[in-house]
Amino acid sequence: HNPKFPDNFLWGGSSSSWQVEGAVEEDGKTLSLMDLNTRTKKPYADDTFASDHYHHYKEDVKLMADAGLTSYRFSIAWSRIYPDNSGKVNQKGIDFYNNLINELIQHGITPIVTVYHYDMPVWIDKQYDGWYGRGIIDEFDKYVRTIYKAFGDRVKYWLSINEQNMQICYGDWLGIDKHPDTWFEDKWKVNHIINLCHAKAVIACHELVPGGKIGPVPGYVPIYPDSSDPKDQIAAMNAEEMTEKVWDDLYAHREYNGFIKSYWKENNIDPDIRPGDMELIAKAKIDFFGLNCYRSNTAKYCAPEEEEQAYELNKSGKKGNLKFPKVPGMYQLVANPHVKTTDWDWEIDPVAMRYMLRYVWDHYQLPMVITENGFGEHEQVSEDGKVHDPQRIDFMRDQIYQIGLAIQDGCQVFGYNPWSFTDLLSTGNGMSKRYGVVYINTTDDEKLDFKRIPKDSYYWYSQLVKSNGQN
Ligand code: BGP
């Protein structure tokens, strides 16, 4: 039996605009870098239609409501709201999100909206060199103010920038390190500009959304020491600092922590912090933490004379194709013999969920909502016309149990939004790595009907949701 979940706990689902909507150049929208990114990797990614949620949103919301969901976390595509540098709002973009939000609310589902989820508009990138140029800050401020004014009467939960830490740590994978030769120093400059945009998003939300609450969304990967060797413990702390804690501290304490400041100094890579920047960041008081958690990592000591190794993620979907990073003098990541892995070598570790919630609660004492957590798999429709996904059910059951334990431990958690509700494009594997509790037929080009087929996990999750976490 699961521990008891609080009344009004939000049981939801999660997505992001470019991964689910499709209609990438419809009704005035222009392309984002992610749209282009997946486009070049055809055939496995079909960015032009994704899950065609743009045309199926009513059906999708109905499926959520039938399952008893009470929240839905999604993102707004900046390039649907401001498609170019004319400064004119695209009314059809506003209409789409208005319709979606109204549909959700009519079905008793609370919208949780991410302002920015990886999808840099191409025109912003051209004009300001994406996150590299400070010109983006005012554009971002204008964009967030527009969406708060348009939707803030109904949307009370907002999320600023999805997985800023992952964007910075794994910039090559997400296409943000556009100048790889200088990325080592650039990333902190880029990160500082994103911090300023995060601050703008927080401040404007409190100014413009009556009763509005906003939080960041770090991608959280708890890091364990590989052994009881004290050097491994420090290595795990170093890895946690460099991939996670620097961001959490900034969001919660609203200043850079001592660790990163001395790291910059040591490496002579101070970012360009201008007068007024830290005052702006200091004003951005967050209300809660949104947290994405899929897996854990394990770290061990790495001697300074070792050779550096970049993280090479497994994009093949065949086990054993991942290369762990080595950061000489700091840490190296290694396989954990105590946990199983997915076909993409992601650790399947429900305890990581409890660890994360405990860690964030202990350090920051802010309410938390899980904004992503899920199991990626190769999937197809069986001969009986159904989609059987027992591994996803096991995954979710174990994760939810650990959330219950964390709540029992005293952590304040107000919702669980697994990734994803419907199948959608994966960042690196398009539709060949599926996460949904609802299957979408996008594989058969002959009959590209986007038919929605609830998987076994949908029915299982629905039962759990309807009993507020018991089943
Ligand atoms: C998170 C992202 C999501 C999502 C998920 C799964 O990091 O916020 O956008 O894609 O990871 O990752 P992937 O699609 O690479 O399997």
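Within each chain, residue numbers correspond to sequence positions counted from 1 in written order. With pLDDT at 70 or above as the cut-off, local features in this predicted model cover only qualifying residues; side-chain atom pairs require 80 or more to be listed or tallied, and sums for whole chains, interfaces and linings still use all residues.

The next thing to look at is the overall build of the protein chain. Within the protein chain one finds 16 helices and 17 strands. In terms of its C-alpha atoms, the protein chain occupies a principal-axis envelope of roughly 55 × 55 × 45 Å. Think of it as a crowd count around each C-beta: if 20 or more other C-beta atoms lie within 10 Å the residue is buried, if 12 or fewer it is exposed, and in between it is partly exposed, with C-beta placed from the backbone throughout. The buried share among the 471 residues of the protein chain stands at 50%. Sequence-distant contacts in the protein chain: of pairs separated by 6 or more residues, those separated by 24 or more amount to 77%. The way it works is that DSSP assigns letters per residue, a run of H or I at least four long becomes a helix, a run of E at least two long becomes a strand, and they are numbered from the N terminus. Throughout, a residue-residue contact means that the two C-beta atoms, derived from backbone geometry, are no farther apart than 7 Å.

So, on to unusual backbone geometry. Omega for the peptide link from W419 to S420 comes to 5°, which places this bond in the cis form. Relative to the helices and strands, S420 is located in the loop between β15 (413-416) and β16 (438-440).

Grouped together as the largest cluster of nonpolar side chains are 123 residues, with contacts concentrated most on V115, I147, W158, L357, M368 and I403. When residues of this core are assigned to their parent elements, the largest contribution, 10 residues, is made by helix α10 (residues 183-208). When near neighbours in sequence (up to four residues on either side) are disregarded, I403 contacts M353, L357, I370, V413 and Y416. Structurally, a nonpolar core is described as a collection of buried Ala, Val, Leu, Ile, Met, Phe, Trp, Tyr and Cys residues joined by way of C-beta atoms within 7 Å. Counting residues in each nonpolar core, the second largest holds five residues, with V20, L424, L425 and M431 among its members.

Looking now at the confidence of the model for the protein chain. Regions with low pLDDT should not have their predicted coordinates read in detail. Each residue carries a pLDDT score, the predictor's confidence in it, ranging from 0 to 100. Put simply, the protein chain has an average pLDDT of 94, and 97% of its residues get 70 or more. Per the prediction output, this complex has pTM 0.96; the corresponding ipTM is 0.98.

Another aspect to go through is the site of the ligand. Nearness is defined per residue: the C-beta atom, placed using the backbone, must lie within 6 Å of the molecule or strand. Neighbouring residues of the ligand: 14 residues in total, closest G219, G376, S426, T427 and G428. Residues are grouped as follows: Ala, Val, Leu, Ile, Met, Phe, Trp, Tyr, Cys and Pro are nonpolar; Asp, Glu, Lys and Arg are charged; all remaining types, including Gly, are polar. Taken together, the residues of the shell around the ligand break down into two nonpolar, nine polar and three charged.

In this scheme, strands are said to pair when DSSP sees at least two bridges between them. On the basis of which strands lie adjacent, the open sheet formed by four strands has the order β7-β9-β11-β10 and mixed pairing. Sheet topology places β7 (223-225) and β10 (326-327) at the edges, where each strand pairs with a single neighbour. Strand direction decides the pairing type here: β10 and strand β11 (residues 331-334), joined by two bridges, are antiparallel. The residue of β11 that forms the bridge with V327 is Y331. Between the N-to-C directions of two axes lies an angle of 0 to 180 degrees, each axis being a line fitted to C-alpha atoms and, for a helix, fitted only over the stretch in contact. The sheet contacts of helix α11 (residues 230-253) involve β7, β9 (297-300) and β11, and relative to β7 the element is tilted by about 165°.

What follows covers the packing of helix α15 (residues 390-408) against helix α16 (residues 456-466). The description of two packed helices rests on the angle between their axes and on the distance between the axes. One way to put it is that α15 packs onto α16 with a least axis distance of 8 Å and a crossing angle of 25°. As judged from the angle between their axes, α15 and α16 are roughly parallel. For the pair α15 and α16, the crossing hand works out as right-handed. Contacts between α15 and α16 pair P390, R392, I393, M396 and I400 from the former with D456, S457, W460, Y461 and L464 from the latter. Classifying every residue of the contact of α15 with α16 by side-chain character gives seven nonpolar, one polar and two charged. Oblique is the label for every angle not falling under 35 degrees (roughly parallel), over 145 degrees (roughly antiparallel), or within 65 to 115 degrees (roughly perpendicular). Handedness of a helix crossing follows the sense of rotation of the near helix relative to the far helix, less than a right angle counterclockwise being left-handed and clockwise being right-handed.

Turning our eyes to something else, we now look at the UniProt feature "active site" (unreviewed entry) in the protein chain. According to UniProt, the positions carrying the feature "active site" (unreviewed entry) are E372. Along the polypeptide, E372 turns up in strand β14 (residues 368-372). Ignoring anything within four residues of it in the chain, the contact list for E372 reads S14, N292, N417 and W419. UniProt positions are given in the numbering used here, feature names are shortened, and annotations may be inferred rather than shown by experiment.

Most of strand β3 (residues 110-116) is tucked away: six of the seven residues are buried. Where β3 and strand β4 (residues 157-162) come together, four bridges link them in parallel fashion. The partner of I112 across the bridge, within β4, is Y157.

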